[in-house]
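# Understanding the architecture of this molecule
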Amino acid sequence: MTPFFFYPLSHPPLHTYANLLLTLIVVSFLAISKDPAKVVQLVSQTLPCPPSNNLPNSSSLSPACVFSPIVQTIQSRLQPDQSPYINITHAVPPKFSLSSLPTSPPSTPNRLFPGDDYFNMTVFSNATAAPHYPFTSASSSSSLSGGAQSQAPYVPTPIVPPYSVNIAAVERYLPPTSTCEYQNLFTTSGPSVLLDRLRELSPRDGTLLLVYPTLRGAQCFKQHYLNPILDPLLRNLVGLHCLPSDIGTALSSTPALKHMDPFETMHSKVSQLCSSLTYRDRTTFTLSYASPGCIPLSRDLWTEWYIAQESPRAREILDDYWRNDHRTRHHTASKGMGMDREVTSAMVLRDVVDGIRKRATTEPMDDAEREGVEVGIFVIRRSLSQSST
């Protein structure tokens, strides 16, 4: 299929042609019931966390959650005698404030019960804690000691009942912090966010939309988004706090980058995953659509994503440095500079986080940052095998 540009979903007009095409593809397999008790079940998972409503001008930030135009497309297809109810389950990190959940689009009028205020609410949202994929030691990815990664045995972690989801959306726009997340993404052995969401799909044409950065997109993010803000900041903090240069190198690294793939390889891996799951399962997984796309990332949004995602890894790197008695040399140097208190790992981490937010508001943008990062866009459908029908 020919590539298209996948622009911000919230910018007017609401849908570009590409966005409209994509949402129509996702929704086209949905069979809407005439039974009011039958609800369209939608799961939305944005990694590392949903974009917060608490950010300034949150409604205009890019990218917007893809569930919103999907809901609106579903509503536009409703006939007067069809059930209008949609339930959205947001998969969120364990430590996520519910007040930051993205806002659902306004409900269309309920044609089953016109004039009845009680039944006029047709879109319902809830949140469920989802695990990190996968859970490995953060320092193992970029540890100063260079130790090997350890991985726990895979245990499926559904967040809703299996076979219950009509439409699922999994979105990631930044390269992951863990090398294992991407390495396991397209495997049947897990742990994999894609595998868990696929197993939750209804076997009656349940559909999953996956948006994930390609190697080119991850390289673009590193070079044109992250480095201009993070590298000067770390050079300054390393000198200010008398830290060894390898601390700055570890903090600025993106370990997963070297394991990521171009779109063509991702396409092949998704196809192979669908074939493997079909062979093992009594249902058929079909790759219905695949294309690269280009998505601009608003600074206010990607910096908060980056801080939320990378703070645990940065904390472990700094704590490891302090635990290994480097703090003694550091403390002596600090005293020599006239400082009246010992610098701690928590203080350095706070300087990094505050510095990212500050530089994001002052550093000029280049053209590559305005153009956006490349992502792979995939639509996977689950259906009953012919032998099961």
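Rules of the game
- Residues numbered from 1 in each chain as written.
- Predicted model: local features only at pLDDT ≥ 70, side-chain atom pairs only at ≥ 80, totals over all residues.
- Heavy atoms only, no water.
- Helix = DSSP H or I, 4+ residues; strand = E, 2+ residues; numbered from the N terminus.
- Buried < 20%, exposed > 50% of the residue type's maximum accessible area, 1.4 Å probe, protein only.
- Contact = heavy atoms within 4.5 Å.
- Areas by Shrake-Rupley, 256 points an atom, 1.4 Å probe, with all protein chains shown as cover.
- Pairing = 2+ DSSP bridges.
- Axes fitted to C-alpha atoms, helices over the stretch in contact; angles between N-to-C directions.
- Parallel < 35°, antiparallel > 145°, perpendicular 65-115°, else oblique.
- Left-handed = near helix turned anticlockwise from the far one by under 90°.
- Nonpolar A, V, L, I, M, F, W, Y, C, P; charged D, E, K, R; others polar.
- 1 Å grid on protein atoms, 1.4 Å probe; cavity = no way out; pocket = protein on both sides within 12 Å on 5 of 7 lines; lining within 4 Å.
- Points joined across faces, edges and corners; volume = space filled by probe spheres on them.
- Salt bridge = Lys/Arg side-chain N within 4 Å of Asp/Glu carboxyl O.
- Core = buried A, V, L, I, M, F, W, Y, C linked by side-chain atoms within 4.5 Å.
- Expected span 1.5 Å × (residues − 1).

What follows deals with the overall build of the chain. The helix and strand tally for the chain stands at 11 helices and seven strands. Here the chain holds 389 residues, and the buried ones make up 52% of them. Across the chain, the fraction of contacts at a sequence separation of at least 24, relative to all contacts at a separation of at least 6, is 86%. For the chain, the exposed area adds up to about 17,700 Å²; of that, 55% sits on carbon and sulfur atoms.

This part covers the pairing of strand β1 (residues 40–47). Within β1, seven of the eight residues are buried, leaving the element largely enclosed by the surrounding structure. One ladder, built from six bridges, connects β1 with strand β2 (residues 86–92); its direction is parallel. Residue pairing across strands places Q45 opposite A91, the latter belonging to β2. Pairing analysis gives six bridges linking β1 to strand β4 (residues 167–172), with the strands arranged parallel.

Two numbers describe how helix α6 (residues 215–240) lies on helix α10 (residues 345–362): the axes approach to 9 Å, and their chain directions differ by 135 degrees. What the angle tells us is that α6 and α10 run oblique. Every pair of crossing elements has a handedness; the one defined by α6 and α10 is right-handed. Listed contacts from α10 to P228, I229, L230, P232, L233, L234 and L237 of α6 are D351, V352, G355, I356, R359 and A360. Here the residues of the contact of α6 with α10 are counted per class, giving 10 nonpolar, one polar and two charged.

Moving on: empty space enclosed by the protein. Gaps left between atoms show up when a probe the size of a water molecule is rolled over them. For the coordinates displayed, the defined rule picks out three cavities of 30 Å³ or more. Of the voids in this model, the largest cavity is the one considered here, and its volume is about 110 Å³. As for the largest cavity, its lining consists of 13 residues, of which Y306, E310, A314, V352 and I356 are closest to the centre. Within the residue set of the lining of the largest cavity, elements represented by two or more residues are α6, α9 (299–336) and α10. Of all the elements, α9 adds the most residues to the lining of the largest cavity, at six residues. For the lining of the largest cavity, the class distribution of residues is 10 nonpolar, one polar and two charged.

On to the packing of α6 against helix α7 (residues 245–252), then. Two measures define how a pair of helices packs: the angle their axes make with one another and the distance between the axes. Across the interface, α6 lies against α7 with an axial gap of 10 Å and an inter-helix angle of 155 degrees. Classified by the angle their axes make, α6 and α7 are roughly antiparallel. The hand of the α6/α7 crossing is right-handed. In this structure, α6 contributes K222, L230, D231, L234 and V238 to the contact, and α7 contributes S245, G248, L251 and S252. Class assignment of the residues belonging to the contact of α6 with α7 gives a composition of four nonpolar, three polar and two charged.

We now examine the pattern of salt bridges. Scanning the model with the defined rule gives nine salt bridges in all. Residues D205 and R381 are paired through a salt bridge, measuring 2.9 Å at the closest nitrogen-oxygen approach. Within this pair, whereas D205 is found in the loop between α5 (193–200) and β5 (206–213), its partner R381 is found in strand β7 (residues 373–384), the two being separated by 176 residues in sequence. According to the relative accessible area criterion, D205 is partly exposed, its value standing at 27%. As a salt-bridge pair, R323 and D320 come within 3.8 Å of each other at their nearest N and O atoms. Taken as a pair, R323 and D320 lie in helix α9 at a separation of three residues, close to a single helical turn. In this structure R323 comes out as exposed when scored by relative accessible area, which is 54%.

Counting 69 residues, the largest nonpolar core has I70, I74, L209, F221, L297 and W302 as the members making the most contacts within it. With sequence-adjacent residues up to four places away left out, W302 is seen in contact with L174, F221, Y225, L226, I229, L297 and E369. V43, A91, L277 and F285 belong to the second-largest nonpolar core, a separate cluster that totals 35 residues.

This paragraph deals with α10. Since the α-helix packs 3.6 residues into each turn, any two residues three or four apart lie on the same face. Here α10 is 18 residues long and its end C-alpha atoms lie 26 Å apart, about the 26 Å a rise of 1.5 Å per residue gives. Buried within α10 are the following residues: S345, M347, V348, L349, V352, V353, G355, I356 and A360.

Spatially, seven strands are ordered β3-β2-β1-β4-β5-β7-β6 in an open sheet, and the strand pairing comes out mixed. Every interior strand has two partners, whereas the edge strands, β3 (123–129) and β6 (283–295), have only one. Ignoring which end each strand starts from, the neighbouring axes of this sheet average 15 degrees apart. Relative to β7, β5 runs antiparallel, the two sharing eight bridges. Residue pairing across strands places T207 opposite R381, the latter belonging to β7. Against the sheet, helix α2 (residues 67–77) contacts β1, β2, β3, β4 and β5, and its axis sits at roughly 170 degrees relative to β2. Taken strand by strand, α6 contacts β5 and β7, and its axis lies near 145 degrees from that of β7.

With that out of the way, let us pick up unusual backbone geometry. At the junction of L47 and P48, the peptide bond is cis and its omega measures out at 5 degrees in the coordinates. Turning to its location among the elements, P48 is positioned in the loop between β1 and α2. In this structure, Y163 takes a positive phi of about 70 degrees despite not being glycine. With respect to the secondary-structure elements, Y163 resides in the loop between α3 (138–142) and β4.

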